Amino acid sequence: MISPVSPSPALRDATLRARAQELEGQFLAEMLRHAGVAQTPDSFGGGIGEDQLASFLREAQASAIVRRGGLGLAEHIFTALKARADAPR
């Protein structure tokens, strides 16, 4: 039986960090939505199309926040994921 090749620790850590940052970005996008960021104005708004596209704006803003250091949530998530991946099986 051939055992699966495990990725190098550096590649695995890079993947875990990227996933942690994605999760922080989604969290921030949701928080921005609840804060009313990119909310359609009641008068002279763009209708349902604007509402649908506003989510893309929030996601882009959240990604930019994460790239600039974010809230630190991604680092905590990464640390937890790394500890779990490093744990003996």
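The coordinates are above.
Description of the structure in this document.

Quick look at the side chain of Glu-24 now. Here Glu-24 is to be found in helix 1 (residues 9–35). Apart from the residues within four sequence positions on either side, Glu-24 is in contact with Val-66, Gly-70, Leu-71, Gly-72, Leu-73 and Ala-74.

The subject of this paragraph is the pattern of salt bridges. By the definition in use, this model includes seven salt bridges. A salt bridge links Arg-17 to Glu-75, with the nearest nitrogen and oxygen atoms 2.7 Å apart. Of this pair, Arg-17 sits in helix 1 while Glu-75 sits in helix 3 (residues 73–86), placing them 58 residues apart in sequence. A relative accessible area of 32% places Arg-17 in the partly exposed class. Salt bridges sharing partners connect three or more residues here, namely Arg-12, Asp-13, Lys-82 and Asp-86.

Closest axis-to-axis distance for the helix 1/helix 2 (residues 47–67) pair is 8 Å, and the angle between their directions is 130°. Relative to helix 2, the element helix 1 is oriented oblique. In this structure, helix 1 crosses over helix 2, and the sense of that crossing is right-handed. Contacts between helix 1 and helix 2 pair Gln-21, Glu-24, Gly-25, Leu-28, Ala-29, Leu-32 and Arg-33 from the former with Arg-58, Glu-59, Gln-61, Ala-62, Ile-65 and Val-66 from the latter. For the contact of helix 1 with helix 2, the residue count by class is six nonpolar, three polar and four charged.

Turning our eyes to something else, we now look at helix 3. Between its first and last C-alpha atoms helix 3 spans 20 Å; for 14 residues at 1.5 Å apiece the expected length is 20 Å, and the two agree. What helix 3 keeps buried is the set Ala-74, Ile-77 and Phe-78. Buried positions in helix 3, seen along its axis, are confined to an arc of 100° and lie on one side of it. Structurally, helix 3 contributes buried residues whose contacts are with helix 1.

Definitions and limits used
- Residues numbered from 1 in each chain as written.
- Predicted model: local features only at pLDDT ≥ 70, side-chain atom pairs only at ≥ 80, totals over all residues.
- Heavy atoms only, no water.
- Helix = DSSP H or I, 4+ residues; strand = E, 2+ residues; numbered from the N terminus.
- Contact = heavy atoms within 4.5 Å.
- Salt bridge = Lys/Arg side-chain N within 4 Å of Asp/Glu carboxyl O.
- Buried < 20%, exposed > 50% of the residue type's maximum accessible area, 1.4 Å probe, protein only.
- Axes fitted to C-alpha atoms, helices over the stretch in contact; angles between N-to-C directions.
- Parallel < 35°, antiparallel > 145°, perpendicular 65-115°, else oblique.
- Left-handed = near helix turned anticlockwise from the far one by under 90°.
- Nonpolar A, V, L, I, M, F, W, Y, C, P; charged D, E, K, R; others polar.
- Expected span 1.5 Å × (residues − 1).
- Arc of directions from axis to C-beta.

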